[in-house]
Amino acid sequence: MAKQIKIGRNDKCHCGSDIKYKRCCMQKDEMVIKKPNVTGVLRKAYDIKLGDDFYSRYLFGLGKIKDCVYSREKRLDYDNSFSPIFQNLLETKYAREYSLDLIKKHKENIECNNDGIIQGHQININDPIDDRLNMFFKDFFIRGSIAIDCLIKHTRYMGYDIGFLFSDKEEKFKKGLKRFPIPETDKRYEYLRDMISHNKESWYTQFREMRGKIEHDGYKLPNIKYDVENDKVIPVYPMFGKQTIENILDICWQNLSNLCEEIIVYLISLNLPPDLIIVLIPTESRDLNLPIKFAVRYKEFPEVNFSCS
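Calculation criteria
Per chain, the residues get numbers from 1 upward, laid out in the order the sequence is written. Totals for whole chains, interfaces and linings use every residue, but because this is a predicted model, local features are given only for residues with pLDDT of at least 70 and side-chain atom pairs only at 80 or more, for both listing and counting. Only hydrogens and water are set aside when side-chain values are computed; all heavy atoms of the structure are taken into account. Going along the chain from the N terminus, every DSSP run of H or I of four or more residues is numbered as a helix, and every run of E of two or more is numbered as a strand. The size measure is the radius of gyration over C-alpha atoms, and the globule rule it meets is 2.2 Å times the number of residues to the 0.38 power. Burial here depends on accessible area, computed with a 1.4 Å probe over protein chains only, as a share of the maximum for the residue type. Under 20% is buried, over 50% is exposed, and the range in between is partly exposed. Axis angles are defined between N-to-C directions and span 0 to 180 degrees, where every axis is a line fitted to C-alpha atoms and, for a helix, only to the segment in contact. Note on terminology: angles under 35 degrees are roughly parallel, angles over 145 are roughly antiparallel, angles of 65 to 115 are roughly perpendicular, and the others are oblique. In this scheme the handedness of a crossing depends on how the near helix is turned from the far one: anticlockwise by less than a right angle means left-handed, clockwise means right-handed. Exposure above 30% relative accessible area and no salt bridge define the residues that can form patches, which grow by joining like charges within 9 Å and nonpolar side chains of Val, Leu, Ile, Met, Phe, Trp and Tyr within 5 Å. Methods summary: accessible areas were calculated by the Shrake-Rupley approach with a probe of 1.4 Å, and residue burial reflects only the protein chains presented. Throughout this description, the term salt bridge denotes a Lys or Arg side-chain nitrogen within 4 Å of a carboxyl oxygen of Asp or Glu. Charged residues are defined narrowly, with Lys and Arg counted positive, Asp and Glu counted negative, and His plus the chain ends left uncounted. Here the site of a charge means atom NZ of a Lys, CZ of an Arg, CG of an Asp or CD of a Glu. A pair of sulfur atoms, both from cysteines and within 2.5 Å, is called a disulfide here. Here a residue-residue contact requires only that any non-hydrogen atoms of the pair lie within 4.5 Å. Think of it as three bins: nonpolar holds Ala, Val, Leu, Ile, Met, Phe, Trp, Tyr, Cys and Pro, charged holds Asp, Glu, Lys and Arg, and polar takes everything else, Gly as well. A pair of strands is treated as paired once DSSP finds two or more bridges between them.

**Overview of the overall build of the protein**
Step number 1: A count of helices and strands for the protein gives seven helices and eight strands.
Step number 2: Computed over the C-alpha atoms, the radius of gyration of the protein is 28 Å, more than 25% above the 19 Å expected from 2.2 N^0.38 for a compact globule of 309 residues.
Step number 3: When its C-alpha atoms are laid out on the principal axes, the protein stretches across 90 × 75 × 40 Å.
Step number 4: With 309 residues in all, the protein has 38% of them scored as buried.

What follows is the structure, encoded as structure tokens:
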């Protein structure tokens, strides 16, 4: 084995530059020597905050319920089918949070006179948020609609294709009903139909219409306007009827996340062993550190926690 020759600080550099080693490659060589032997990456997946129940419900709550129906061998396939729903809901959640954060910080900057400065006969807005707000606002509806599409695809994997219940086309409804494994007269089918019908009437139809305007008509959120009251600049944000942007995003997010969760829980419940039921945990009774909404329990002991896995 060849013996490695040690180079002195003041020797000529081994790279052939004719410069002293200390002024050439010494620092780079030392960095290579000191480089840690890293064999993997431990990545924090999500920043779970107290008071935010989304991760608890969708990762832990639905995961535990799923384990009571799907064997270990089938859970990976289930997770692969479920993952696009979670990912698009997560992106919808981020789009909402970024939109709300933009509005909040913009208001604060103007209130603190860091922006919205009156100069002569004009108001100077040095950090406008219109384009960013427009982007996140539109992305909220796009990602949310994709989450519903992924939910429908996931129900096919689960053996219950519910896509026809979201359609307004009579022919598609009739075809879907014929293929649906639960008969129209069954109360379990009636419950699912009524659940989706209520959501379509209360928010989903308008939600999809907004996605259509964005995708096909190039919809753009109206720009923020500015008024002056008592020498103070007041930002005036676009309204939707009598609803603010914040209200629209909050209402749609709650409805969207609840609908996806409730449909998955409901369809899983149809395949539970006869001695098990799914219970809705009242808000005041949920664990603050893991606030899941639904849980599987024994029929005889509905108050007792347990795990199928």
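More follows now that the structure is in view.
**A word on the packing of helix α3 (residues 72-111) against helix α4 (residues 130-157)**
Step number 1: Close contact between α3 and α4 brings their axes to 8 Å; oriented N to C, the two are set at 160°. Considered as vectors, α3 and α4 are oriented roughly antiparallel to each other. Considering only the axes of α3 and α4, their crossing is left-handed.

**Section: a positive patch on the surface**
Step number 1: On the surface, Arg9, Lys20, Lys22 and Arg23 cluster together into a patch of positive charge.
Step number 2: By the element assignment, arginine 9 lies in the segment before α1 (26-34).
Step number 3: We classify arginine 9 as partly exposed; its relative accessible area is 49%.

**A closer look at the state of the cysteines**
Step number 1: As enumerated under the stated definition, the model contains one disulfide in all.
Step number 2: Across the disulfide, cysteine 68 is cross-linked to cysteine 308 (sulfur-sulfur distance 1.7 Å). Taking the sign of the torsion about the S-S bond as the criterion, the disulfide between cysteine 68 and cysteine 308, at about 95°, is right-handed. Placement of the pair is cysteine 68 in the loop between α2 (54-67) and α3 and cysteine 308 in the segment after β8 (294-298), with a sequence separation of 240 residues.
Step number 3: We note that cysteine 13 lacks a disulfide partner, and the nearest cysteine sulfur, in cysteine 25, lies 3.5 Å from it.

**Focus on the pattern of salt bridges**
Step number 1: Tallied over the full model, the rule gives 21 salt bridges.
Step number 2: A salt bridge links glutamate 215 to arginine 211; the nearest nitrogen and oxygen atoms lie 2.6 Å apart. With glutamate 215 and arginine 211 both in helix α6 (residues 187-217), this residue pair falls four residues apart, about one helical turn.
Step number 3: Classification of glutamate 215 by relative accessible area gives partly exposed; the value is 46%.

**Considering the packing of α3 against helix α7 (residues 245-269)**
Step number 1: α7 packs onto α3 with a crossing angle of 165° between their chain directions and a minimal axis gap of 10 Å. Overall, the two elements α3 and α7 adopt an arrangement that is roughly antiparallel. For the element pair α3 and α7, the recorded crossing hand is left-handed. Two secondary-structure elements touch here, α3 through Tyr78, Phe82, Ile85, Leu89, Thr92, Lys93, Arg96, Ser99, Leu100, Ile103 and Lys107 and α7 through Ile245, Glu246, Leu249, Asp250, Trp253, Leu256, Cys260, Ile264 and Ile268.
Step number 2: Within the contact of α3 with α7, the residues separate by chemical class into 13 nonpolar, two polar and five charged.

**Let's talk about a nonpolar patch on the surface**
Step number 1: A grouping of Tyr298, Phe301 and Val304 is seen on the molecular surface, where their side chains present a nonpolar patch of about 300 Å² in accessible area.
Step number 2: As for its placement among the helices and strands, tyrosine 298 is situated in strand β8.

**Examining unusual backbone geometry**
Step number 1: A positive phi is found at aspartate 18, a non-glycine position, where the angle reads about 70°.
Step number 2: Within the element layout of this structure, aspartate 18 appears in the segment before α1.
Step number 3: One non-glycine residue, asparagine 230, lies in positive phi territory at about 55°.

**With respect to the pairing of β8**
Step number 1: For β8, the tally of buried residues reaches four of five residues, placing the bulk of the element in the interior.
Step number 2: The pairing of strand β7 (residues 276-280) with β8 spans five bridges and is classified as antiparallel. For valine 279, the partnering residue across the bridge sits in β8 and is alanine 295.

**So, the pairing of strand β3 (residues 225-229)**
Step number 1: Strand direction decides the pairing type here: β3 and strand β4 (residues 232-236), joined by five bridges, are antiparallel. Looking at the pairing, valine 228 lines up with valine 233 of β4.
Step number 2: From the end of β3 to the start of β4, which pair antiparallel, there are two residues, and asparagine 230 there has a positive phi angle of about 55°.

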